[in-house]
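Remarks on the overall topology
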Amino acid sequence: ALNTSVAMAVMNKVAQKSGKSALNVAEGFVKIANENMANAIKKISVQKGHDISDYALSCFGGAGGQHACAVADLLGINKIIIHPFAGVLSAYGMGLADITSNYQKQIDQAMDPKLTPVLEEIISELSNTAIASLAQQNISKKDINISCRGHLKYENSDSTIGIKVSGFKKMKECFEKAHKEQFGFIMPETPIVMDFVEVEARNSPTKTKKIKLDQLKFKPVPIEICDLYFESTWHRTNLYYRSQIGNGQTIIGPALILEKTGTVFVQPNWHAIVDENGCIILSCEHKKREKLLNQKLADPILLEVFNNLFMSIAEQMGVTLQQTARSINIKERLDFSCAIFDDNGELIANAPHTPVHLGSMDRSVSSVIQTHPKMNKGDVFATNAPYNGGTHLPDITVITPVFNGTKSRPIFFVASRGHHADVGGTAPGSMTPRATHIEEEGVILDNIKLVSEHRFLHNETLQILTQNKYPCRNPEQNIADLKAQIAANERGVSELNAMISKFSYKLVNSYKGFIQNYAENCIRRMISNLNDGKAEVYFDQGCKISVLVKIDKNTKTAIIDFSGTSPQQDDNFNAPEPITRAAVLYCIRCMVEETIPINAGCLRPISIILPKSSMLNPIYPAAVVAGNVEVSQAIADCIFLALNVMANAQGTMNNLNFGNDSFQYYETICGGAGAGNGFNGCDAVHTHMTNTRLTDPEILETKYPVLLKLFKIKRGSGGHGKWRGGDGIERQIVCLQKMDVSILSSRRIVEPQGLSGGLNGSIGKNMLLQKCGRCKELPGRVQFECHPSETIIIETPSGGGYGKPS
């Protein structure tokens, strides 16, 4: 009563200020609550690509029944299920839940008949322990069930699959079947290892009984008729007790059904019926959407569904890749990207991974299609060739064609790109600043076949990785990560086929086009609000990126002309054409307010002009490793300056590599973001073309012989202005053993530019604190030998400010 009086007082106060009645205010509160609940459901359904119009809404909570119909209307759902104990469903479920006891033991032995007696002894020991644990919770031994699973993997693999313990032959068959389903291939010649065994004890499931009711006792006659305010109108409403409604009896809305743990509001145009399980089923006949295949315009809801569904599939691919990868670079730093392409290799959708990957992967897919015109189901390909669709050598793209039914040609392609910690070259990490020839940067995989009709080509791949002028230092890790990428692609193949099974290929293919067209229209609307502009961004070594943007407001198109950019460089600051496209695509996507995936439609209104033999369009055999990381950052900064969008960010990825023949580690380091009109730049963040994260200190120090001594924000380092640039950071890493170190960075001489009167950001600095106590300043691009107890110190640049400081 107290809460009700307080609520009424609040509503009356709001009503007085708004000039509306207390009833309208109260109904407004309810509508807001309904919208919030519907939006929460959309986030886990429609925004994940699920068409929920044919789903049923399950309702629980004491007040759930009062909102269910309204929430279902907002979601386009026609059916609601309300359990007899909906008001206390969580507590009821906890009461029915099984009690379990789980124990594991490491085995790490090859599957061999000699393992049988050892396995039986271990299972017996774990089973007795698990049973004793449940017995202490007053569960009778006769009510306890035991299940055993062996977690198997291929030798030298990190990914296990749980298989029910049985005969070794049966377990091998089940493992290979599951491995093929999950990863897309099997390895018949590789031994299978039992990593660990798991035993679970579980009490017998709680038995529930259906209550047989005498239908003659039920009389669905209203106990009362009242007036109820709904949709700004009073409605004559029947009141019922739930206990007086029998199976199969129908209640027509508007009506209120009162129960001990809640209240159900049956809205007008809805009706309620109690089923044989005692559940109240609410139904309503919403107007069905027409899913026509020959429609010229997309259904807005289906467009959102497919938009998010394609993105969701790419996200699921990324989760699989992260979970199955071996290297810290992919598993922890998340330096990877996943995307879906049409049968011509044009981008349909991607997950929000690394921008420099996403806008360039289509060139890799197109190159594979041209090289391998005949593909079979179960084939997988890999490429990192910068002069044949790739970017730089550490980024290896794995591409899988998607077949459907009897079609002989792929209908889609899925691809995953991961930055491998080492692909050979003259320095550990394959990111040396000394490289002047592409071969010095590592092994080139030029559209090779990784998997042939579900058989992984292990020996052939290993040969390419090792029999090279500068071979990979850790080829087994490369192969493990390639397998993880294959598994990620297999997840994409499976999800795409499931989508086609649900919606049909014709509908999916139709909405693929609608998605690209929608993205194109969004970009055109954005372009019509832009103006011509030009800008230049200089590198520390004196070369520059120059851009001129010309806007045609009539055709809503833009020409982005990089004429005036410096010629091809003698070092490795050269960016193959796909990198420039990726940076342009990233920039224009950032300026679109609508939620759209990056896809081929985004570039249709854009023309890009690249001067020949320039650092944005180099020719073989120019080295390119810095093009992907450093030049891409400068391109983004230059475009944003030209369009007066934001000041320069830190303008570098601060690439740090260290290692030797035994281990290799790579990271990009955060800095300051640029400010813009109405916002400050973020502090200590990965900016623009990188979207990776830093390895957790605990994992870094566990996996590598280093100590993270200091990691802090350089407060006040951002460029001043009406809007402040983001601050950079300082990072100190102590080496615990001798190793080779490479630093590839920019903005150590040239400051990040401010915009519209904003001041420039601060430059970065690289240093080495030697054992003797001397602190030696290092160039922005340097390779050196680091000895035990010496400290690598990196201070990253900050962002530029926007607007004159007050």
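Here the structure is shown first, and the text comes after it.
Keep in mind the model is a prediction, meaning the values are calculated, not measured.

Let's shift gears to the overall build of the chain. Check the secondary structure of the chain and you find 16 helices and 33 strands. Its C-alpha radius of gyration of 31 Å places the chain within 12% of the 28 Å reference for a compact globule of 806 residues. Each of the three principal axes of the chain carries a C-alpha extent, and together these read 95 × 80 × 60 Å. The 806 residues of the chain split such that 55% are buried. Taking all contacts inside the chain whose residues are at least 6 apart in sequence as the whole, residues at least 24 apart take part in 69%. Split by element, the accessible area of the chain, about 35500 Å² in all, is 52% carbon and sulfur. Of the charged side chains in the chain, 83 are positive and 79 negative, and the gap between their average positions amounts to 4 Å.

The next thing to look at is the nonpolar core. One recurring pattern in soluble globular proteins: nonpolar side chains tend to sit buried together. Residues Ile545, Phe562 and Val631 are the most contacted members of the largest nonpolar core, which totals 74 residues. Considering every element that reaches this core, the biggest residue donor is helix H15 (residues 625–642), with twelve residues. Among all residues touching phenylalanine 562, those that are not within four sequence positions of it are Ile545, Ser546, Val547, Thr580, Val584, Ile608, Ile609, Leu610, Pro611, Leu616, Ile635 and Ile639.

The next point concerns the sheet that holds strand E18 (residues 412–419). Adjacent strands of a sheet form backbone hydrogen bonds with each other and so pair up, either parallel or antiparallel. The strand order across the open sheet built from seven strands is E15-E14-E18-E17-E16-E19-E20, with neighbouring strands paired in antiparallel fashion. If you trace the sheet from one side to the other, it starts and ends with strand E15 (347–350) and strand E20 (455–456), each paired once. Where strand E16 (residues 380–383) meets strand E19 (residues 448–452), three bridges bridge the pair, whose relative direction is antiparallel. Paired with alanine 382 across the bridge in E19 is isoleucine 448. Packed on one face of the sheet, helix H13 (residues 505–527) meets strand E14 (336–342), E15 and E18 and runs near 85 degrees to E15.

Under the criterion given, the structure shown has 15 aromatic pairs. Ring geometry for phenylalanine 658 against tyrosine 665: centres 5.0 Å apart, planes inclined by 40 degrees, an arrangement best described as tilted. The same class applies to phenylalanine 658 and to tyrosine 665, which are both buried. Residues tyrosine 665 and tyrosine 704 carry aromatic rings whose centres are separated by 4.9 Å and whose planes lie at 50 degrees to one another, so their mutual orientation is tilted. Separated by 39 residues along the polypeptide, tyrosine 665 in strand E26 (residues 664–667) and tyrosine 704 in the loop between helix H16 (697–703) and strand E27 (706–713) bring together distant segments of the chain. Accessibility expressed as a relative area gives 2% for tyrosine 665, which makes it buried. On the basis of relative accessibility, which here comes to 10%, the residue tyrosine 704 falls in the buried class.

What follows is about the state of the cysteines. For the coordinates displayed, the defined rule picks out zero disulfides. Sulfur of cysteine 69: no disulfide; nearest cysteine sulfur belongs to cysteine 284 and is 7.8 Å away. What makes cysteine 69 buried here is its relative accessible area of 1%. Left unpaired, cysteine 735 is separated from the closest cysteine sulfur, that of cysteine 786, by 3.0 Å.

Let us look at the pairing of E18. For E18, the buried fraction is high: eight of the eight residues fall into the buried class. Residues Phe412, Val414, Ser416 and Gly418 point to one face of E18 and Phe413, Ala415, Arg417 and His419 to the other, with burial holding for every one of them. Examined bridge by bridge, E14 and E18 share seven bridges and lie antiparallel to one another. Bridged to serine 337 within E18 is arginine 417. Direction of pairing for strand E17 (residues 395–402) relative to E18: antiparallel, over a ladder of eight bridges. Along E18, the bridge assignment pairs valine 402 with phenylalanine 412.

A word on the environment of alanine 642. When you line up the elements, alanine 642 lands in helix H15. We classify alanine 642 as buried; its relative accessible area is 8%. Along the primary structure alanine 642 and glutamate 593 are separated by 49 residues, whereas in three dimensions their C-alpha atoms are 19 Å apart.

Read from one edge of the open sheet, five strands run E27-E28-E33-E30-E31, paired in antiparallel fashion. Looking at which strands have only one partner, the edges of the open sheet turn out to be E27 and strand E31 (775–778). Adjacent strand axes in the sheet meet at a mean angle of 20 degrees when their direction is disregarded. Sheet analysis places strand E30 (residues 765–769) next to strand E33 (residues 791–795), joined by five bridges and oriented antiparallel. Counterpart to methionine 767 in the pairing with E33 is isoleucine 793.

So, on to the packing of helix H7 (residues 300–324) against helix H12 (residues 475–503). Taken N-terminus to C-terminus, the directions of H7 and H12 make an angle of 150 degrees; their axes are 8 Å apart at the nearest point. The angle between the axes of H7 and H12 places the two elements in the roughly antiparallel class. Seen from above, H7 lies across H12 with right-handed handedness. Note on element contacts: H12 touches H7 through Ala484, Gln485, Ala487, Ala488, Asn489, Arg491, Gly492, Glu495, Leu496, Met499 and Phe503, opposite Val305, Phe306, Leu309, Phe310, Ile313, Gln316, Met317, Thr320, Leu321 and Thr324. Here the residues of the contact of H7 with H12 sort into 13 nonpolar, six polar and two charged.

Moving on to the packing of helix H6 (residues 168–183) against H12. With their axes 7 Å apart at the nearest point, H6 and H12 run at an angle of 80 degrees to one another. When the interaxial angle is binned, H6 and H12 end up roughly perpendicular. Where H6 abuts H12, its residues Lys180, Glu181, Gln182 and Phe183 lie against Ile486, Ala487 and Glu490. Here the residues of the contact of H6 with H12 are counted per class, giving three nonpolar, one polar and three charged.

To continue, consider the pattern of salt bridges. For the structure shown, the criterion picks out 28 salt bridges. Lysine 738 is the salt-bridge partner of glutamate 785, the closest N and O atoms lying 3.6 Å from each other. Residue glutamate 785 is found in strand E32 (residues 781–786), and its partner lysine 738 is found in the loop between strand E28 (729–735) and strand E29 (739–744); the two are separated by 47 residues along the sequence. Within this structure, Asp362, Arg363, Glu577 and Arg581 form a network of salt bridges that share partners.

With that settled, consider the environment of serine 283. Here serine 283 is to be found in strand E13 (residues 280–283). Through-space distance from the C-alpha of serine 283 to that of isoleucine 52 is 15 Å; in sequence the pair is 231 residues apart. Serine 283 has contacts with Asn78, Asn269, Trp270 and His271, leaving out every residue within four places of it along the chain.

This part takes up unusual backbone geometry. Here glycine 253 and proline 254 are connected by a cis peptide whose omega angle stands at 5 degrees. Within the secondary structure, proline 254 sits in the loop between strand E9 (250–252) and strand E10 (255–259). Between tyrosine 620 and the following residue, proline 621, the backbone shows a cis peptide bond with an omega angle of 10 degrees. Although it is not a glycine, glutamate 231 adopts a positive phi angle of roughly 55 degrees. Locating glutamate 231 in the fold gives a position in the loop between strand E7 (224–230) and strand E8 (233–241). Judged by its relative accessible area of 45%, glutamate 231 falls in the partly exposed class.

Mapped onto the elements of the fold, glutamate 730 is located in strand E28. The charged side chain of glutamate 730 is buried without a salt bridge, its nearest counter-charge being lysine 712 at 4.1 Å. Among the polar contacts listed, one links the side chain of glutamate 730 to the side chain of glutamine 732, at a separation of 2.7 Å. Among all residues touching glutamate 730, those that are not within four sequence positions of it are Leu710, Phe711, Lys712, Lys714, Ile793, Ile794 and Glu795.

Let's shift gears to the side chain of asparagine 572. Positionally, asparagine 572 belongs in the loop between strand E23 (557–561) and helix H14 (577–590). Other than its neighbours up to four places away in sequence, asparagine 572 contacts Thr432, Pro433, Ala435, Glu441, Ala623, Val624, Val625, Ala626, Gly627 and Leu744.

Parameters and conventions
- Residues numbered from 1 in each chain as written.
- Predicted model: local features only at pLDDT ≥ 70, side-chain atom pairs only at ≥ 80, totals over all residues.
- Heavy atoms only, no water.
- Helix = DSSP H or I, 4+ residues; strand = E, 2+ residues; numbered from the N terminus.
- Rg over C-alpha atoms; globule rule 2.2 N^0.38 Å.
- Buried < 20%, exposed > 50% of the residue type's maximum accessible area, 1.4 Å probe, protein only.
- Contact = heavy atoms within 4.5 Å.
- Areas by Shrake-Rupley, 256 points an atom, 1.4 Å probe, with all protein chains shown as cover.
- Lys, Arg positive; Asp, Glu negative; His and termini not counted.
- Charge placed at Lys NZ, Arg CZ, Asp CG, Glu CD.
- Core = buried A, V, L, I, M, F, W, Y, C linked by side-chain atoms within 4.5 Å.
- Pairing = 2+ DSSP bridges.
- Axes fitted to C-alpha atoms, helices over the stretch in contact; angles between N-to-C directions.
- Phe/Tyr/Trp six-rings, centres within 6.5 Å; stacked < 30°, edge-to-face > 60°.
- Disulfide = S-S within 2.5 Å.
- Parallel < 35°, antiparallel > 145°, perpendicular 65-115°, else oblique.
- Left-handed = near helix turned anticlockwise from the far one by under 90°.
- Nonpolar A, V, L, I, M, F, W, Y, C, P; charged D, E, K, R; others polar.
- Salt bridge = Lys/Arg side-chain N within 4 Å of Asp/Glu carboxyl O.
- Polar contact = N/O pair within 3.5 Å; in protein donor to acceptor, adjacent residues only side chain to side chain.

Any functional reading would require information that these geometric values do not contain.
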